Amino acid sequence: MDTKQLSERIRVQTEDFSVEEETNKVKNSSKRIGGIVTFLGTARDFSKGRDIHKIDFEHYPGMAQKRLAEIREQALKDYDIIEVSIIHRVGEISIGDNIVLIVVGAEHRKDAFRACSWCIDELKRITPIWKKETTPQGEVWVEEHP
Amino acid sequence: MTKMFHPPGNLLLHPLRESIKTLTENAEKGILFLTFQEFSKMVKIRFFAVLKKIVGKEEVVLDVEKGTTLEQLLNRLERDLPPLQQIMKEGKVLISVNQEVVPKECLIQNGDEIAFLPPFAGG
């Protein structure tokens with residue numbers, strides 16, 4: 001896969017994404033794909049007993065993209081899957097808006113489910129992205145990985 | 001051994017600029033050539049997310065001596081920036097050099113970008 005194709009599969013961006021468009025891109029990448037699993041993370045309005053008005057995401061440019069590319073590559077090695085796409089938004093996110101999308105295409109569903117679950121866990125573990133929640137009590141930088 | 005002298009763009013901020021100027025002049029006379037690295041290294045240090053707020057800075061450019069390890073640099077930073085010392089004690093902050101998380105024994109090279117990374121919370 002060349003750099004342009006990779007930067008299509010792995011993106012950190014401020015703008016929203018279309019789940020349908022991104023799913024179709026993975027689906028159209030191979031006629032062997034028989035199952036697609038997606039994980040869509042969205043901004044909720046309540047966390048740890050606090051109302052949340054908005055969320056801000058910050059990332060380490062370059063390093064975040066590098067980690068996401070490594071996650072994709074590892075998933076393609078470790079699971080019987082065909083394609084993976086990972087997109088994470090940064091900047092200010094309103095409640096209810098999209099945050100992260102992982103799309104995994106495989107011949108069969110089981111590997112797609114397992115790979116998708118591993119990708120989001122790994123993203124939370126190793127990707128330099130940080131979340132700040134704005135609550136009625138003020139701003140809070142989130143540390144945990146629920 | 002003859003070495004080329006390549007001062008970086010931010011050399012004017014360097015406290016040894018006068019010495020370097022002299023050496024440059026000598027070098028022009030064919031007396032001596034030295035690399036900038038013979039004296040020191042300029043490194044960029046970045047703070048992200050909550051650390052930016054705690055430390056009160058987003059970025060610092062420092063001049064460090066040749067042979068400095070990441071641990072020595074950290075000790076210096078903790079002295080200069082006391083709030084950093086407090087948060088580093090908690091053991092949750094990772095340090096990267098050129099976007100790779102590295103052990104504290106690693107040697108700092110001229111031009112390295114060092115980043116302090118608080119716990120990640122993407123997704």
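Residues numbered from 1 in each chain as written. Chains lettered and ligands numbered in written order. Predicted model: local features only at pLDDT ≥ 70, side-chain atom pairs only at ≥ 80, totals over all residues. Heavy atoms only, no water.

With an unreviewed UniProt entry as reference, chain B is termed Molybdopterin synthase sulfur carrier subunit, source organism Candidatus Manganitrophus noduliformans. Checking UniProt for chain B, the heading Sequence similarities (unreviewed entry) contains the comment "Belongs to the MoaD family." (UniProt positions renumbered as here; feature names shortened; annotations may be inferred.)

Chain A appears in an unreviewed UniProt entry as Molybdopterin synthase catalytic subunit from Candidatus Manganitrophus noduliformans. Regarding chain A, the relevant UniProt record gives this comment under Pathway (unreviewed entry): "Cofactor biosynthesis; molybdopterin biosynthesis." The record held by UniProt for chain A lists under Subunit (unreviewed entry) the comment "Heterotetramer of 2 MoaD subunits and 2 MoaE subunits. Also stable as homodimer. The enzyme changes between these two forms during catalysis."

### Some words on the overall build of chain B
Within chain B, the regular secondary structure consists of four helices and five strands. Listing each helix as α and each strand as β along chain B from the N terminus yields α-β-α-β-α-α-β-β-β. Across the 123 residues that make up chain B, the buried fraction comes to 42%. Taking all contacts inside chain B whose residues are at least 6 apart in sequence as the whole, residues at least 24 apart take part in 57%. Accessible surface computed for chain B: about 7000 Å², of which carbon and sulfur atoms make up 53%. (Helix = DSSP H or I, 4+ residues; strand = E, 2+ residues; numbered from the N terminus. Buried < 20%, exposed > 50% of the residue type's maximum accessible area, 1.4 Å probe, protein only. Contact = heavy atoms within 4.5 Å. Areas by Shrake-Rupley, 256 points an atom, 1.4 Å probe, with all protein chains shown as cover.)

### Observations concerning the environment of I86(A)
Positionally, I86(A) belongs in strand β6 (residues 83–89). Once residues lying within four places of it in the same chain are set aside, the contact partners of I86(A) are R9(A), I10(A), R11(A), L68(A), I71(A), R72(A), L101(A), I102(A) and L123(A).

### Describing the pattern of salt bridges
Oppositely charged side chains are able to pair whenever their charged atoms sit close together. Residue and element names in this part refer to chain A. Counted under the stated rule, the structure contains 23 salt bridges over all chains. Across the salt bridge formed by R89 and D16, the nearest N and O atoms sit 3.8 Å from each other. Here R89 is found in strand β6, whereas its partner D16 is found in the loop between β1 (10–13) and α2 (19–27), with 73 residues between them in sequence. We classify R89 as buried; its relative accessible area is 7%. Taking the relative accessible area as the measure of exposure, D16 reaches 45% and is therefore partly exposed. With its nearest N and O atoms 3.2 Å apart, the salt bridge here joins E22 to K25. (Salt bridge = Lys/Arg side-chain N within 4 Å of Asp/Glu carboxyl O.)

### So, the nonpolar core
I81(A), I86(A) and V104(A) are the most contacted members of the largest nonpolar core, which has 31 residues in total. Counting only elements with at least two residues in this core, the list comes to β1, β5 (54–59), α3 (63–78), β6, β8 (98–106) and α4 (109–126) of chain A. With seven residues, the single largest contributor to this core is α4(A). Within the second largest apolar cluster, 23 residues are counted, among which are I45(B), F47(B), L84(B) and C106(B). (Core = buried A, V, L, I, M, F, W, Y, C linked by side-chain atoms within 4.5 Å.)

### Focus on the packing of aromatic side chains
Each aromatic ring pair is described using two quantities: the centre-to-centre distance and the angle formed by the ring planes. In this structure the tally under the stated criterion is five aromatic pairs over all chains. For the ring pair Y60(A) and F48(B), a centre distance of 4.5 Å and an interplane angle of 35° mean the geometry is tilted. Highlighted residues: Y60(A) in the loop between β5 and α3 and F48(B) in the loop between β1 (40–47) and α2 (50–55), drawn from two different chains. The exposure class of Y60(A) is buried, given its relative accessible area of 0%. Measuring from centroid to centroid gives 5.0 Å for W130(A) and F48(B), while their planes differ by 15°, and the two rings are stacked. With one member in each of two chains, W130(A) in strand β9 (residues 129–135) and F48(B) in the loop between β1 and α2 form a pair that bridges those chains. One aromatic cluster in this structure is built from Y60(A), W130(A), F48(B) and F120(B). (Phe/Tyr/Trp six-rings, centres within 6.5 Å; stacked < 30°, edge-to-face > 60°.)

### Section: the confidence of the model for chain B
All names here are of chain B. Per-residue confidence for chain B averages 78 on the pLDDT scale, and 67% of its residues sit at or above 70. Taking the mean pLDDT of every element in chain B, the minimum, 50, falls on helix α1 (residues 17–28) and the maximum, 97, on strand β5 (residues 113–117). Within the model, pLDDT remains below 50 along residues 1–20, and this stretch shows 31 contacts once partners closer than five positions in the same chain are excluded. (pLDDT = per-residue confidence, 0-100.)

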